[in-house]
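The primary structure of each chain is shown beneath.
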Amino acid sequence: MGEFEVDGEDKLIVAAKYLVKELRSGKSLTKNAKKVLGNLLLELSRVVIAEDTQDRDEEDEIGEIEERLNVVSEKIMTREVDESMIWDLGSDEGNLYLDAVNELRSLIDRLDGSEELSLRKAHDVLQTGMARLEDEFKHLLVENRLPFELEHSSFRSIEADHGVEEESMASFGAASTEDLILGSNNDSRRNSGDIVVDLVSPDVILDLKNIVNTMIASGYDRECIQVCTMVRKDALDEFLYNHEVEKLSIEDVLRMDWATLNTNIKKWVRVMRDIVQVYLLSEKSLDNQIFGDLNEIGLTCFVDTVKAPMMQLLNFGEAVSLGPRQPEKLLRILEMYELASELLPEIDALFLDHPGSSVRTEYREVMRRLGDCARTTFLEFKSAIAADVSSHPFPGGAVHPLTNYVMNYLMALTDFKHTLDSLLMEHDDAEDLTIPPSPDIINPVMVEEESTYENSSSPEKFLAMTRHFYSITSVLEANLQEKSKLYKDVSLQHIFLLNNIHYMTRKVLKSELRHIFGDKWNRKHTWKFQQQATEYERATWLPVLSFLKDDGSGSGSGSGSGSGSKNLRPRERFQGFNTAFEEVYKAQTGWLISDEGLREDVRTKASMWVIQAYWTFYSRHKNSVSERYIKYTTDDIERLLLDLFAGSSKSLNNSYRR
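A quick note: this is a predicted structure, and the numbers were derived from the prediction, not measured.

J.: Which residues make up the overall build of the protein chain, and what values do they have?
T.: Assigned secondary structure in the protein chain consists of 20 helices and zero strands. When the 658 residues of the protein chain are sorted by exposure, 48% land in the buried category. Considering only intrachain contacts with a sequence separation of at least 6, the fraction spanning at least 24 residues in the protein chain is 80%. Summed over all atoms, the accessible surface of the protein chain reaches about 32500 Å², with 50% contributed by carbon and sulfur.

J.: Give me the lowdown on the packing of aromatic side chains, citing residues and values where you can.
T.: Scanning all chains against the criterion turns up 21 aromatic pairs. Centroid distance F148 to Y279: 5.0 Å. Interplanar angle 85°. Geometry classified as edge-to-face. One end of the pair, F148, is in the loop between α4 (116–143) and α5 (205–217); the other, Y279, is in helix α8 (residues 258–291), with 131 residues separating them in the sequence. Looking at Y279, the relative accessible area reads 2%, which means it is buried. Each ring, one from W541 and one from F581, has its centre 6.3 Å from the other, and the planes form 35°; the classification is tilted. With W541 in helix α17 (residues 513–545) and F581 in helix α18 (residues 570–588), this residue pair connects regions lying 40 residues apart in the sequence. Overall, the relative accessible area of 0% leaves W541 in the buried class.

J.: Tell me about unusual backbone geometry, residues and numbers included.
T.: Here the phi dihedral of E244 falls at roughly 60°; this positive angle occurs in a residue that is not glycine. For E244, the position within the fold is in the loop between α6 (221–242) and α7 (250–254). One non-glycine residue, F645, lies in the positive phi region at around 65°. Tracing the sequence through the fold places F645 in the segment after α20 (634–641). With relative accessibility at 0%, the residue F645 sits in the buried group.

J.: Break down the environment of E134 for me, citing the residues and quoting the values.
T.: Positionally, E134 belongs in helix α4. The exposure class of E134 is partly exposed, given its relative accessible area of 24%. As a C-alpha pair, E134 and V212 span 78 residues in sequence and 9.2 Å in three-dimensional space. Not counting chain neighbours up to four residues away, the residues in contact with E134 comprise M215, E223 and V227.

J.: Summarise the packing of helix α12 (residues 401–413) against helix α15 (residues 463–484); cite the residues concerned and give the values.
T.: Closest axis-to-axis distance for the α12/α15 pair is 11 Å, and the angle between their directions is 175°. Between α12 and α15, the interaxial angle falls into the category roughly antiparallel. The residues of α15 that touch α12, namely those facing L402, T403, V406, M407, L410 and L413, are M465, F469, I472, T473, L476, N479, L480 and K483. Per-class residue counts for the contact of α12 with α15 are ten nonpolar, three polar and one charged.

J.: Help me get a handle on the packing of helix α11 (residues 357–387) against α15, residues and values and all.
T.: At their nearest, the axes of α11 and α15 sit 8 Å apart, and the two run at 15° to each other. Overall, the two elements α11 and α15 adopt an arrangement that is roughly parallel. Between α11 and α15 lies a crossing whose hand is left-handed. On the side of α11, the interface is formed by F378, L379, F381, K382, I385 and A386, while α15 contributes H468, F469, S471, I472, V475, L476 and N479. Residue composition of the contact of α11 with α15, by class: nine nonpolar, three polar and one charged.

J.: Break down the pattern of salt bridges for me, with residues and values.
T.: Counted under the stated rule, the structure contains 30 salt bridges. Two residues, K233 and D237, come together in a salt bridge whose shortest N-O distance is 2.9 Å. Of the two residues, K233 and D237 are both situated in helix α6; the distance of four residues between them amounts to about one turn of the helix.

J.: Give me helix α16 (residues 490–509): which residues, what numbers.
T.: Over its 20 residues, α16 runs 29 Å from end to end, which matches the ideal 28 Å to within 8%, given 1.5 Å per residue. When you tally the buried positions in α16, you get 16 out of 20 residues, the bulk of the element. You can read the cap of α16 off the contacts: a side-chain oxygen lies 2.8 Å from the backbone nitrogen of S491, and it is on D489.

J.: Any chance you could break down the environment of T579 for me, citing the residues and the numbers?
T.: Mapped onto the elements of the fold, T579 is located in helix α18. Put simply, T579 and V544 are 35 residues apart on the chain and 8.9 Å apart in space, counted from C-alpha to C-alpha.

J.: Give a detailed account of the nonpolar core, specifying residues and quantitative values.
T.: With 170 residues, the main nonpolar core has F137, I275, L413, F469, W541 and F577 as its most contacted residues. Per-element accounting of this core gives the leading share, 15 residues, to α8. Here this core gathers at least three residues from each of two domains, domain 1 (61–144) and domain 2 (220–387). Not counting chain neighbours up to four residues away, the residues in contact with F577 comprise V544, L545, F547, L548, V610, Y614 and I637.

J.: Summarise the confidence of the model for the protein chain; cite the residues concerned and give the values.
T.: For the protein chain, the mean per-residue pLDDT works out to 82, and 76% of the residues sit at or above 70. Counting interchain partners and residues more than four positions distant, the pLDDT-below-50 stretch residues 152–171 has 72 contacts. Contacts for the low-pLDDT stretch residues 552–563, under 50 throughout, to residues beyond four places or in other chains number 21 contacts.

Definitions and limits used
Residues numbered from 1 in each chain as written. Predicted model: local features only at pLDDT ≥ 70, side-chain atom pairs only at ≥ 80, totals over all residues. Heavy atoms only, no water. Helix = DSSP H or I, 4+ residues; strand = E, 2+ residues; numbered from the N terminus. Buried < 20%, exposed > 50% of the residue type's maximum accessible area, 1.4 Å probe, protein only. Contact = heavy atoms within 4.5 Å. Areas by Shrake-Rupley, 256 points an atom, 1.4 Å probe, with all protein chains shown as cover. Phe/Tyr/Trp six-rings, centres within 6.5 Å; stacked < 30°, edge-to-face > 60°. Axes fitted to C-alpha atoms, helices over the stretch in contact; angles between N-to-C directions. Parallel < 35°, antiparallel > 145°, perpendicular 65-115°, else oblique. Nonpolar A, V, L, I, M, F, W, Y, C, P; charged D, E, K, R; others polar. Left-handed = near helix turned anticlockwise from the far one by under 90°. Salt bridge = Lys/Arg side-chain N within 4 Å of Asp/Glu carboxyl O. Expected span 1.5 Å × (residues − 1). Polar contact = N/O pair within 3.5 Å; in protein donor to acceptor, adjacent residues only side chain to side chain. Core = buried A, V, L, I, M, F, W, Y, C linked by side-chain atoms within 4.5 Å. Domains from an automatic or database assignment. pLDDT = per-residue confidence, 0-100.

What follows is the structure in structure tokens.
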């Protein structure tokens, strides 16, 4: 019988049909057949009874489930009448509510799909419970938020009163920048050592975590993330607002005057350091505590919370990088770039995973732009020095504001020597370091020679920075040489160059610049200003002292004071000397050598020239010349020479007598 090849229930059905057919045929049954059929009937009755029992059990279970649904639903819905917050009554009350919600979810899972009405009612209650948990979650986050203060902060900043960044390039620091020192503590960067502060009271962390677990288990993870993100982002926005970090567009930043931009950059540096090193780390720690093993959800919440505020800060950095390349901005831009570089490892760690990749990418791009901006601004600084043209000589031959500005500027840049050297190393500086032809008096050192200088005072070699600094000072010297030609008096030309080259050398020797320029540069420029002192002495005093030469071979050089002194009688020589000395005195008391040591050196050398020659001539002719022609003694001369280079012009009365 092929029908019996069928398996399972089909086989039983075929057999049953066959038995029914045979019984209906009217055939008589054997005793054995009747026994078998009796057993079959017995088994069939047992099966029917068992099925009836199972159906009754299922009906009883559904009844029990619906009964529990009613009890649990009432617990949940009762809270909707009470407007007070559950967790304000304590964690125990909150946990009872969570137990009810969790039981409701379990009962929903046990309900058969056929119980559509009960299932719909249960889902409605669950939705109500989730809405309540959202409110409770938000309430706990808001009411238990802890303030984030900057009292623990330590950061390097450039104080505005140092001066260099406040001045326009047009005047190159018309106001003195003598005392500019950038960042008195160059190692003040904070090693955060993974500082984590509590942003939410630790007392409610477990409650928050329990709520999160219940909401996510119920399929409400998106709502949970939205609530957490909204509350925590408001906290971060409030922190930025309290620390005067405004929401600025790129256009807003580009329209700022320098004073306003400078203030905003200082705030950016302060806040950026604390946000990255402390706040973000603490925020991520909070999310890890709340979401626990739900790493992906916690990370999403963290990124959604901090992304917009971080983009706000990065947007400001981008705007700064797009602004005009003005020298006064360089120190601030370098500070921003150096901070961004310092914080990069922490940014990479905070936004390592996929959800944070956009923040990490944007951060690196802004850092790159700030570096490009800093490098370009520095390179254009040299061009601005070369382009600084004067139409009038600087009064008194004193240190020019350009020299003051440039040297203090270079001093300030040494605070960023590692950063600046690295930026310049990336730049192909072949054309930028071409030094324009300079007059013989300057003889700038060529770049190839400068890059191999011997610097025994420091183990560090900032080769790129050194090459550029050499180039800048060479351009400055060439510019000063051109400015010196504005003086009609040759002696004053030498005083001007003496003042400025000495100032440059002193700034290098007494600052970190000595490690950049090295001993070779220092020796060369010490020789240069000493040469200017010698040239001044010759130009000023040789014509004056020509009147005291008995052979009458006056040089007639310089200003021409000694012209025509040949074959003069002693009294005429005294008269010529008196007139020439008084002209020098009147002019050079108005000249200025502000460095006290240098001023004394020049006066002392002048005394050595003048007093020895005057004493010799005076001793030889004092008895043969009437006293009225001898206006000054050597003591008078020595005392009067002390009035030179004080910056206040004086005249000698023609009736002056010792």
